[in-house]
Amino acid sequence: MASLKELKGRIASVKSTQKITKAKQMVAAAKLRKAQAAAEAARPYAERLEGVMASLASKVTISESSPKLLAGTGTDETHLLIVCNSDRGLAGAFNANIVKAARAKAVELEAQGKKVLFYLVGRKGRPVIKRAYPNQIVKHFDTSGPGSPGFEEAQAISKEVRTMFEDGQFDVAHLFYSEFKSALVQDPVGRQIIPVALETSNAEDSGAAVEYEPDEEEILAELLPRNVTTQVFGALLENNASEQGASMTAMDNATRNAGDLIDGLTIEYNRSRQAAITTELVEIISGAEAL
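Cut-offs applied
Note on numbering: residues in each chain are counted from 1, in written sequence order. The predicted origin of the model limits local features to residues at a pLDDT of at least 70 and limits the giving and counting of side-chain atom pairs to 80 or more, whereas totals for whole chains, interfaces and linings rest on all residues. Water and hydrogen atoms were dropped before computing side-chain values, which therefore reflect all heavy atoms in the structure. Only DSSP runs of H or I covering at least 4 residues are called helices, and only runs of E covering at least 2 are called strands; the numbering of each starts at the N terminus. Here, expected helix span is obtained from the residue count minus one, scaled by 1.5 Å. The reported bend at a residue is simply the angle between two axes, fitted to the 7 residues ending at it and to the 7 residues beginning with it. The term salt bridge refers to a side-chain nitrogen of Lys or Arg lying within 4 Å of a carboxyl oxygen of Asp or Glu. Classification of residues uses two cut-offs on accessible area relative to the type maximum, computed with a 1.4 Å probe and protein chains only: under 20% is buried, over 50% is exposed, and between them is partly exposed. For two strands to be treated as a pair, DSSP must find at least two bridges joining them. A fitted line through C-alpha atoms represents every axis, and for helices the fit uses only the stretch in contact; the resulting angles, taken between N-to-C directions, go from 0 to 180 degrees. Residues count as neighbours in contact if any of their non-hydrogen atoms are within 4.5 Å of one another. Any residue with an atom within 4 Å of a point lines the site, the site being either a cavity, points on a 1 Å grid over the protein atoms alone where a 1.4 Å probe fits but cannot get out, or a pocket, an open set with protein on both sides within 12 Å along at least 5 of 7 lines. Grid points are joined across faces, edges and corners, and a volume is the space filled by probe spheres set on the points. Note that Gly is not counted as nonpolar here; it falls among the polar residues with everything else outside the nonpolar set of Ala, Val, Leu, Ile, Met, Phe, Trp, Tyr, Cys and Pro and the charged set of Asp, Glu, Lys and Arg.

Taking 1.5 Å of rise per residue, the 54 residues of helix α1 (residues 4-57) would be expected to cover 80 Å, and the 74 Å separating its terminal C-alpha atoms lies within 8% of that figure. The axis of α1 is deflected most strongly, by about 30°, at L32.

What the rule picks out here adds up to eleven salt bridges. The partner of R88 in a salt bridge is E243, and the shortest N-O contact between them spans 3.5 Å. Separated by 155 residues along the polypeptide, R88 in the loop between β1 (78-84) and α3 (94-111) and E243 in helix α6 (residues 216-290) bring together distant segments of the chain. Residue R88 is classed as partly exposed on the basis of its relative accessible area, which comes to 38%. Owing to a relative accessible area of 7%, E243 belongs among the buried residues under this scheme.

What follows covers the sheet that holds β1. In space, the five strands of this open sheet follow the order β3-β2-β1-β4-β5, with mixed pairing throughout. Each edge of the open sheet is held by one strand with a lone partner, namely β3 (137-141) and β5 (186-194). Adjacent strand axes in the sheet meet at a mean angle of 20°, parallel and antiparallel pairs treated alike. Across the face of the sheet, α3 comes into contact with β1, β2 (115-121), β4 (172-180) and β5 while running at roughly 150° to β4. In the packing of helix α5 (residues 151-166) onto the sheet, the strands contacted are β1, β2, β3 and β5, and the crossing angle to β3 comes to about 165°.

All right, on to the layout of surface pockets then. By volume, the largest pocket amounts to about 460 Å³. Lining the largest pocket are 21 residues, and of these A46, E47, Y177, R191 and Q231 sit closest to its centre. Broken down by secondary-structure element, the contributors of at least two residues to the lining of the largest pocket are α1, β4 and α6. It is α1 that provides the largest number of residues to the lining of the largest pocket, a total of eight residues. Split into classes, the residues belonging to the lining of the largest pocket amount to nine nonpolar, five polar and seven charged.

Right, dumping it as structure tokens:
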């Protein structure tokens with residue numbers, strides 16, 4: 001049984017930890033509103049851009065002269081998985097869920113005989129993937145700078161990935177991140193971004209005859225790289241909001257658990273203290289009777 005001094009020290013230690021988790025919860029709650037607004041503001045632009053490209057792509061016959069980001073390389077043997085994680089922990093299963101989705105996709109692709117490569121954004125997902133795929137990581141992109149990740153980081157990631165694609169290092173790229181739903185719900189998402197997978201349901205069709213100047217392929221050649229950057233930027237914003245939501249929830253649970261632990265330790269401390277007092281009284285009374 002722990003001594004009174006040990007119990008008192010444990011209670012003080014848990015109270016100190018509870019202060020930290022409470023402060024972290026409040027910081028995450030303050031950051032969440034701004035991060036959520038940024039993520040939600042970026043969604044309409046990305047959806048509209050995808051709709052415009054789907055409309056243009058539906059009018060283009062894919063050939064050798066078509067933009068490579070639309071037509072692809074003609075094969076799908078090598079897949080690049082872009083895994084976006086955070087640089088900080090204390091966010092529950094936020095990072096683990098993204099890595100889990102990416103690894104599931106990697107297992108699926110390798111079962112089909114495909115080659116899998118990884119492009120890792122953020123630090124938290126690196127150890128797990130590095131242990132499982134030590135020789136298949138082509139890049140670690142650092143997002144730990146002040147004010148990041150932001151649009152500049154999205155541009156840098158997009159440019160590097162597109163250069164790798166043009167150099168023939170991979171055939172298909174998939175982007176993994178966590179889509180923000182609410183402070184309690186963040187869904188890991190994986191989507192193909194190269195070559196651009198356009199759904200016909202997203203195509204904008206006003207029913208009017210439209211003439212493009214320059215032609216559709218030239219417009220697509222300009223919009224497709226921008227779309228990749230937009231998708232990466234949206235993923236970083238969604239991740240930031242999801243991270244703050246997951247952190248707030250995790251720290252709230254930790255604070256409550258710390259409170260429960262403090263209550264239990266306090267009860268144990270009071271019982272031990274009462275037992276010690278009772279023992280001392282018995283010893284005093286016994287000594288008095290002996291006289």
